[in-house]
Amino acid sequence: MKTCSGVTLIRNGQLVDGTGSPPIPNAHVVVRDGRIVYAGSAIGSPSLPNDVASIDANGGTIMPGLVEAHYHPTYFNVAALEDLDIKYPVEYVTLLAANNAKLALECGYTAARSGGSLFNIDVWLRKAIEEGIMLGPRLAPSGREICGVGGLMDWNPDYRRIGMEGLVLLINGPDEARSAVRKLVKDGIEWVKTYPTGDAAAPDTNDHHTLCMTFEEMHAVVATAHNHKLKVTGHCRATQGILNALKAGYDAIEHGTFIDDEGLELLLKRDVPCVPALQFEYASIEFGPSFGMSQRVVDGHKETLEGGAESARRILKAGGRLGMGGDYGFAWTPHGTYAKELTFFVEHVGLTPLEVLKCATKTGAEIMGRSDEFGTVEVGKLADLLIVDGDPVSDIRVLEDRKKFIAVMQGGVIKAGKLA
Ligand SMILES: [Zn+2]
């Protein structure tokens, strides 16, 4: 991705650097050729020519761009799981995904890790974004997901005579697990997304306590992926599924809903980040019924919301790492509302805004394996910045309102916000 050239001074705002440190009032951030060369109090700022390009933060906040740690660019605000696969042809979903990526950037998300994509759309989306053809977050793509036959993502009964060609690679046994990963290696993905467990969305055969892959399959996925320098994550709700993932060598855990003491200990020991994605549960309970969600499914979501919130609190309190990503792209959690996840963690889970902001920036970049490049406002990093006309530390909700964004920058280039 191209960076800007020349020097820009960002001034007249507080600095929230993404490390969890308290805000620095009246800060200066100086960007040279797309990278941060100064970030701190205006008092210690280097002297610059009077005519240097400058951005007025209007007494608001200068902070790192947000990182969506569980992003589905191809989920197009569907009301049923089944619609995620072949409701529309790949051509149309590609256009929708491009639009969703642009929207994410406009919402202040300068980077995102994919949690799975129809076909290989996110891989090519990354290329188009990197080459400046499309606007969107810096992407870590996942391509198709992996799930055991008969598991959560294998919903077409055999009499329909259609498989799950677009969204998942279905496997039976470690050999097929290896061959699925090898396909993904050739596709050019970075993260292998798997389905070790079910979900409240499928109460009949694959609820949140059901396992959808065996340990042997998961271990085969990890060994093959790591051999090719890919990372592995998985949809893990059931206690045993979380344990299996941690023992198999997973690099991240999605949801981590019913983590027990053994799981927590392993998670901390291996320093594996977890992305709870909780606002989805809340929105399912609140708004799912108006989209035809059954009471049974809603009741399941109540259980996973409670379990997930408790697990998230325990992980963070014990010194673990949480990423902020939200599975957005369902009818009740449409694209463009990503920052509701942050608000939810402050208002319902009980984290402080500074904790949540660190999870949504620094930890997100760590999960992507790119924390030396972005995620905090520190000297040497790319100027992937969000300048907000407001104070998210006193009111996290301001990040839900993109009309308040003065600038969304990648590598010092203003891509969205009022100044774009
Ligand atoms: Zn997901």
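Read on for a plain summary of the structure. (Residues numbered from 1 in each chain as written. Predicted model: local features only at pLDDT ≥ 70, side-chain atom pairs only at ≥ 80, totals over all residues. Heavy atoms only, no water.)

**A look at the layout of surface pockets**
Reasoning step 1: Approximately 650 Å³ is the volume found for the largest pocket.
Reasoning step 2: Every residue lining the largest pocket is counted, 36 residues in all, and those nearest its centre are L81, E82, L152, A201 and A202.
Reasoning step 3: Per-class residue counts for the lining of the largest pocket are 17 nonpolar, 12 polar and seven charged.
Reasoning step 4: If you add up the space inside the second largest pocket, you get close to 220 Å³.
Reasoning step 5: Lining of the second largest pocket is provided by 16 residues; of these, Q279, Y282, F287, K340 and R397 occupy positions nearest its centre.
Reasoning step 6: Of all elements in the fold, only α7 (279–287) and α9 (340–349) reach the threshold of two or more residues within the lining of the second largest pocket.
Reasoning step 7: Here the lining of the second largest pocket is composed, by residue class, of six nonpolar, five polar and five charged. (1 Å grid on protein atoms, 1.4 Å probe; cavity = no way out; pocket = protein on both sides within 12 Å on 5 of 7 lines; lining within 4 Å. Points joined across faces, edges and corners; volume = space filled by probe spheres on them. Nonpolar A, V, L, I, M, F, W, Y, C, P; charged D, E, K, R; others polar. Helix = DSSP H or I, 4+ residues; strand = E, 2+ residues; numbered from the N terminus.)

**Brief notes about a nonpolar patch on the surface**
Reasoning step 1: Together, Y88, Y92 and L95 give the surface a local cluster of nonpolar side chains, amounting to about 310 Å² of exposed area.
Reasoning step 2: For Y88, a relative accessible area of 32% gives the class partly exposed. (Patch = residues over 30% accessible without salt bridge, like charges linked within 9 Å, V, L, I, M, F, W, Y side chains within 5 Å. Areas by Shrake-Rupley, 256 points an atom, 1.4 Å probe, with all protein chains shown as cover. Salt bridge = Lys/Arg side-chain N within 4 Å of Asp/Glu carboxyl O. Buried < 20%, exposed > 50% of the residue type's maximum accessible area, 1.4 Å probe, protein only.)

**Points about the packing of helix α8 (residues 295–317) against α9**
To describe two helices that pack against each other, one gives the angle between their axes and the distance between the axes.
Reasoning step 1: The interhelical angle for the contact between α8 and α9, taken along N-to-C directions, is 90 degrees, at an axis separation of 12 Å. Regarding the angle of α8 to α9, the classification is roughly perpendicular. Judged by residue contacts, L305, A309, A312 and R313 of α8 engage F344, F345, H348 and V349 from α9.
Reasoning step 2: Class assignment of the residues belonging to the contact of α8 with α9 gives a composition of six nonpolar, one polar and one charged. (Axes fitted to C-alpha atoms, helices over the stretch in contact; angles between N-to-C directions. Parallel < 35°, antiparallel > 145°, perpendicular 65-115°, else oblique. Contact = heavy atoms within 4.5 Å.)

**What to know about the coordination of the zinc ion**
Reasoning step 1: Listed as protein donors to the zinc ion are H70 (NE2), H72 (NE2) and D327 (OD); their distances from the metal cover 2.0 to 2.1 Å.
Reasoning step 2: Written as a sequence motif, the donor arrangement for the zinc ion is H-x1-H-x254-D. Of this pair, H72 sits in the loop between β5 (66–71) and α1 (90–106) while D327 is found in the loop between α8 and α9, placing the two residues 255 residues apart along the sequence. In this pair, the class of H72 matches that of D327, namely buried. (Donors = N, O, S within 2.8 Å, 3.2 Å for Na, K, Ca; no water.)

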